[in-house]
Amino acid sequence: MSLTIDELAMPDALDGPGGHAFAEYAALCNDVESHTLGTDLLVMGPQEMLSEYVSTPTRVRRHLVARDGAALVGRAMITTRPLTPEAGAHLMVDVLPIHRRRGAGTTLLAAAEAAATDVGAPVLKVAVAHSVRDGGERVEPPTGFGDLPADDPGVRFLQAHGYALEQVSRISLLAADRLRAGGSPEAPDLDDDYGLLAWAGPTPDEWVDQLAALRTRMSTDAPSAGMVAVVDPWDGDRVREHDDRIASSGRTVLTTVARHASSGVLAGFTEIVVSAGDAVAVQEDTLVVSDHRGRRLGMRLKRANADQLVAAFPAVEAVVTWNAEENRPMLDVNEQLGFREVGREAGWQKHVHRGVVARNG
């Protein structure tokens, strides 16, 4: 293999300079994930992917591409957070199956690690999809929740390069027949001291600051197992930037929040992101603040937002979501709604000491 590694600049638009190269990059990302999971349900369109892969004021993303001659064989993405550098760097490395075991993955990972350590990242993190297969030797995280096949290509690759498995998450799908109100359990009655509010699109001005506070809580309240986790601060400007970027990509955010009547504060929220014409919507964050748990607000929020999705986008055929295996309360809600497992995603990590990548195991 005559391998070259280059940095890919994100284009301003798909139909402008660099647009074709990014579309090729996006296709590779989709091909690798579809091969791993055995389904193309999670394929992202190029415009949608572009909006997620650009840098923003709170995250810096660099993209590397590996070519064998003129053929694109792999890619890497390095994400760092300038406001919270102590959180480390997130790395993603993908190599097309037909080009594996020829050094492309190792070369890309080394380049990505170097880019992360050059800016002082104290820890390197990888979140990657893995196949779901029963039987055979298994690998478990320290939490004891969830496992992976020991012979999974991603498992073997990351272990060989010193990464430790910290967390297993479940990728679940809610099919169209269960999306409809008749296909899943009725939502529980809402406590008299709570009310639900819903909107489609950008966050209304009156709720921007409170939603920012909820998103900040999400960064530490969601289960993180052994992964290094720090507070990821949100403010009104960041909420607006996020909303504008989603809208500019042709997607719509459907949001339902629970408002505590006595205090006027938002006690929880849930979001679904959907692109017009896409068959699969994405269930994003769901959070109920700890002081307001135990009232089945999570179920009520998700049921109400699913109803909003059905009404606004009746052609949607399914919703996909990700949940940590140790997050049993949220898995209970999803299972009652009818979500079924379609894949697994794992969080892997290794530490950097004085600019040198440590080797685990």
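Quick notes on the rules
- Residues numbered from 1 in each chain as written.
- Predicted model: local features only at pLDDT ≥ 70, side-chain atom pairs only at ≥ 80, totals over all residues.
- Heavy atoms only, no water.
- Helix = DSSP H or I, 4+ residues; strand = E, 2+ residues; numbered from the N terminus.
- Buried < 20%, exposed > 50% of the residue type's maximum accessible area, 1.4 Å probe, protein only.
- Contact = heavy atoms within 4.5 Å.
- Phe/Tyr/Trp six-rings, centres within 6.5 Å; stacked < 30°, edge-to-face > 60°.
- Lys NZ or Arg CZ within 6 Å of the ring centre and 35° of its normal.
- Axes fitted to C-alpha atoms, helices over the stretch in contact; angles between N-to-C directions.
- Parallel < 35°, antiparallel > 145°, perpendicular 65-115°, else oblique.
- Nonpolar A, V, L, I, M, F, W, Y, C, P; charged D, E, K, R; others polar.
- Core = buried A, V, L, I, M, F, W, Y, C linked by side-chain atoms within 4.5 Å.
- Arc of directions from axis to C-beta.

Participant: Go over the overall build of the protein with me, naming the residues and quoting the values.
Facilitator: In terms of regular secondary structure, the protein is built from nine helices and 15 strands. Reported as C-alpha extents along the three principal axes, the dimensions of the protein are approximately 65 × 50 × 40 Å. Counting over 361 residues, the protein shows a buried share of 49%. Long-range pairs, those at least 24 residues apart, make up 69% of the contacts in the protein with a sequence separation of at least 6.

Participant: An account of the packing of aromatic side chains is requested, with residue identities and associated values reported.
Facilitator: Throughout the structure, instances matching the rule amount to two aromatic pairs. With centroids separated by 6.2 Å and ring planes inclined at 80°, the aromatic side chains of tyrosine 25 and tyrosine 53 adopt a geometry described as edge-to-face. One end of the pair, tyrosine 25, is in helix α1 (residues 19-37); the other, tyrosine 53, is in helix α2 (residues 46-53), and 28 residues separate them in sequence. Judged by its relative accessible area of 0%, tyrosine 25 is buried. Ring-pair connections join several aromatic residues into one group, and the members of that group are Phe22, Tyr25 and Tyr53. When the ring centre of tryptophan 234 is taken as origin, the NZ or CZ atom of arginine 215, which lies over that ring, is 4.7 Å away.

Participant: Quick rundown of the packing of α1 against α2? Include the residues and the values.
Facilitator: Axis separation between α1 and α2 bottoms out at 10 Å; the angle between their running directions is 95°. It follows that α1 is roughly perpendicular to α2 by the angle criterion. Residues Phe22, Tyr25, Ala26, Cys29 and Asn30 of α1 pack against Pro46, Met49, Leu50 and Tyr53 of α2. Taken together, the residues of the contact of α1 with α2 break down into eight nonpolar, one polar and no charged.

Participant: Explain the nonpolar core residue by residue, including any values.
Facilitator: Membership of the largest hydrophobic core comes to 28 residues, with the highest contact counts inside it found for Leu91, Leu124, Tyr163 and Trp348. Only β2 (60-68), β3 (71-80), β4 (89-95), α3 (104-118), β5 (123-130), α4 (153-160), β8 (164-175) and β14 (340-353) provide two or more residues apiece to this core. Leu174, Ala306, Phe313 and Phe339 belong to the second-largest nonpolar core, a separate cluster that totals 16 residues.

Participant: Could you give an account of helix α9 (residues 328-337), with specific residues and numbers?
Facilitator: If you check which residues of α9 are buried, you get Met330, Leu331, Val333, Asn334 and Leu337. The buried residues of α9 occupy one face: seen down the axis, they fall within an arc of 155°. In this structure, the buried residues of α9 make contact with β8, α5 (176-179), β12 (280-288), α8 (297-312) and β13 (318-324). Glycine 338 lies just past α9 and shows a positive phi near 110°.

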